[in-house]
Amino acid sequence: ARDECSVDRPVSTTPQQALTLLNDPSFTEAARVFAEKILTAPKAKDDAARVNFAMETALSRPAKVTEMESLLKFLAEQREYYAAHRSDAEKLLHVGQHPPSEKISPPEDAAWTTLARVILNLHETITRY
(Lines give C-alpha, C1' and ligand atoms only; values in the text may rest on other atoms or scores of the structure.)
Protein backbone atom coordinates (compact mmCIF):
# COMPACT_ATOMS: atom_id res chain seq x y z
CA ALA A 1 0.00 0.00 0.00
CA ARG A 2 1.16 3.48 -0.77
CA ASP A 3 1.29 6.16 1.86
CA GLU A 4 -0.10 9.53 1.01
CA CYS A 5 0.40 12.86 2.66
CA SER A 6 -1.21 16.23 2.32
CA VAL A 7 0.90 19.38 2.39
CA ASP A 8 -2.18 21.57 2.77
CA ARG A 9 -2.60 22.82 6.32
CA PRO A 10 -6.25 22.76 7.42
CA VAL A 11 -7.79 25.85 8.97
CA SER A 12 -8.37 25.37 12.67
CA THR A 13 -10.96 27.06 14.83
CA THR A 14 -9.14 26.29 18.08
CA PRO A 15 -7.45 29.17 19.86
CA GLN A 16 -4.22 27.43 20.93
CA GLN A 17 -2.14 28.72 18.03
CA ALA A 18 -3.40 32.28 18.38
CA LEU A 19 -2.87 32.22 22.14
CA THR A 20 0.66 30.93 21.68
CA LEU A 21 1.50 33.55 19.09
CA LEU A 22 0.08 36.34 21.23
CA ASN A 23 1.45 35.28 24.61
CA ASP A 24 4.70 33.39 24.10
CA PRO A 25 7.69 35.55 25.10
CA SER A 26 9.60 34.60 21.93
CA PHE A 27 6.78 35.82 19.70
CA THR A 28 6.38 38.97 21.79
CA GLU A 29 10.09 39.66 21.45
CA ALA A 30 9.87 39.05 17.70
CA ALA A 31 7.06 41.63 17.53
CA ARG A 32 9.19 44.12 19.49
CA VAL A 33 12.08 43.74 17.05
CA PHE A 34 9.66 43.98 14.11
CA ALA A 35 8.19 47.18 15.59
CA GLU A 36 11.65 48.72 15.79
CA LYS A 37 12.27 47.76 12.17
CA ILE A 38 8.96 49.38 11.20
CA LEU A 39 9.70 52.58 13.12
CA THR A 40 13.21 52.95 11.75
CA ALA A 41 12.50 52.03 8.11
CA PRO A 42 13.87 54.85 5.95
CA LYS A 43 10.89 54.89 3.55
CA ALA A 44 8.26 54.83 6.29
CA LYS A 45 7.82 58.48 7.26
CA ASP A 46 4.21 58.43 8.56
CA ASP A 47 1.83 55.93 10.12
CA ALA A 48 0.20 54.83 6.85
CA ALA A 49 3.59 54.26 5.21
CA ARG A 50 4.71 52.30 8.28
CA VAL A 51 1.60 50.12 8.22
CA ASN A 52 2.20 49.42 4.52
CA PHE A 53 5.86 48.64 5.21
CA ALA A 54 4.82 46.19 7.94
CA MET A 55 2.22 44.52 5.74
CA GLU A 56 4.59 44.28 2.80
CA THR A 57 7.30 42.82 5.02
CA ALA A 58 4.99 40.25 6.63
CA LEU A 59 2.60 39.51 3.76
CA SER A 60 4.36 40.74 0.59
CA ARG A 61 1.46 43.10 -0.15
CA PRO A 62 0.29 46.53 0.97
CA ALA A 63 -2.62 46.95 3.34
CA LYS A 64 -6.12 47.00 1.88
CA VAL A 65 -8.16 50.14 2.56
CA THR A 66 -10.25 48.48 5.29
CA GLU A 67 -7.14 46.97 6.88
CA MET A 68 -5.38 50.33 6.86
CA GLU A 69 -8.34 52.04 8.54
CA SER A 70 -8.62 49.32 11.16
CA LEU A 71 -4.89 49.19 11.91
CA LEU A 72 -4.56 52.97 12.17
CA LYS A 73 -7.53 53.11 14.55
CA PHE A 74 -6.01 50.28 16.60
CA LEU A 75 -2.64 52.08 16.66
CA ALA A 76 -4.28 55.28 17.94
CA GLU A 77 -5.98 53.31 20.72
CA GLN A 78 -2.71 51.66 21.68
CA ARG A 79 -0.86 54.97 21.72
CA GLU A 80 -3.51 56.42 24.01
CA TYR A 81 -3.37 53.39 26.31
CA TYR A 82 0.42 53.25 26.59
CA ALA A 83 0.70 57.02 27.05
CA ALA A 84 -1.61 56.66 30.06
CA HIS A 85 0.01 53.40 31.28
CA ARG A 86 3.72 53.91 30.79
CA SER A 87 4.63 51.11 33.22
CA ASP A 88 2.73 48.64 30.99
CA ALA A 89 4.75 49.89 28.02
CA GLU A 90 7.98 49.35 29.96
CA LYS A 91 6.93 45.81 30.92
CA LEU A 92 6.10 44.92 27.32
CA LEU A 93 9.40 46.31 26.07
CA HIS A 94 11.39 44.16 28.48
CA VAL A 95 9.95 40.83 27.33
CA GLY A 96 12.78 38.73 25.92
CA GLN A 97 16.48 39.43 25.69
CA HIS A 98 16.55 42.14 23.02
CA PRO A 99 17.05 45.49 24.77
CA PRO A 100 14.46 48.19 24.12
CA SER A 101 15.49 50.95 21.76
CA GLU A 102 16.68 54.09 23.48
CA LYS A 103 15.79 56.12 20.37
CA ILE A 104 12.04 55.34 20.50
CA SER A 105 9.76 56.48 23.31
CA PRO A 106 8.38 53.52 25.29
CA PRO A 107 4.68 54.33 24.64
CA GLU A 108 5.31 54.63 20.88
CA ASP A 109 7.44 51.48 20.80
CA ALA A 110 4.82 49.54 22.79
CA ALA A 111 1.97 50.74 20.56
CA TRP A 112 3.81 49.59 17.44
CA THR A 113 4.82 46.34 19.14
CA THR A 114 1.16 45.62 19.78
CA LEU A 115 0.32 46.42 16.17
CA ALA A 116 3.18 44.17 15.02
CA ARG A 117 1.75 41.37 17.17
CA VAL A 118 -1.56 41.73 15.34
CA ILE A 119 0.08 41.57 11.92
CA LEU A 120 2.26 38.62 12.90
CA ASN A 121 -0.82 36.79 14.19
CA LEU A 122 -2.92 37.21 11.04
CA HIS A 123 -4.09 33.96 9.50
CA GLU A 124 -2.49 35.10 6.25
CA THR A 125 0.86 35.56 8.00
CA ILE A 126 0.99 32.22 9.79
CA THR A 127 -0.57 30.03 7.07
CA ARG A 128 0.93 29.64 3.65
CA TYR A 129 -1.58 29.52 0.81
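Located above this text is the structure these notes cover.
Residues numbered from 1 in each chain as written. Predicted model: local features only at pLDDT ≥ 70, side-chain atom pairs only at ≥ 80, totals over all residues. Heavy atoms only, no water.

1. Re helix α6 (residues 106-120)
Then, number 1: For α6, which comprises 15 residues, the first-to-last C-alpha distance of 20 Å matches the rise-based estimate of 21 Å (1.5 Å per residue) to within 8%.
Then, number 2: Burial within α6 is extensive, with 13 of its 15 residues counted as buried. (Helix = DSSP H or I, 4+ residues; strand = E, 2+ residues; numbered from the N terminus. Expected span 1.5 Å × (residues − 1). Buried < 20%, exposed > 50% of the residue type's maximum accessible area, 1.4 Å probe, protein only.)

2. What to know about the nonpolar core
Then, number 1: Membership of the largest hydrophobic core comes to 26 residues, with the highest contact counts inside it found for Ile38, Val51, Met55, Trp112, Leu115 and Ile119.
Then, number 2: For this core, the elements supplying multiple residues, two or more each, are α2 (25-40), α3 (47-59), α4 (65-84), α5 (86-92) and α6.
Then, number 3: In terms of residues, this core owes the most to one element, α6, which gives six residues.
Then, number 4: Aside from chain neighbours lying at most four places away, what touches Val51 is Ala63, Met68, Leu71, Leu72, Trp112 and Leu115. (Core = buried A, V, L, I, M, F, W, Y, C linked by side-chain atoms within 4.5 Å. Contact = heavy atoms within 4.5 Å.)

3. Focus: the side chain of Arg50
Then, number 1: Within the fold, Arg50 resides in helix α3.
Then, number 2: Leaving out residues up to four positions away in the same chain, Arg50 has contacts with Ile38, Leu39, Ala44, Lys45 and Trp112.

4. Regarding the pattern of salt bridges
Then, number 1: Tallied over the entire structure, the rule returns five salt bridges.
Then, number 2: Note that Arg61 and Glu67 form a salt bridge whose closest N and O atoms lie 2.8 Å from each other.
Then, number 3: Relative accessible area serves as the criterion here: at 16%, Arg61 is assigned to the buried category.
Then, number 4: Linked through salt bridges whose partners overlap, the residues forming this network are Asp47, Arg50, Arg79 and Glu108. (Salt bridge = Lys/Arg side-chain N within 4 Å of Asp/Glu carboxyl O.)

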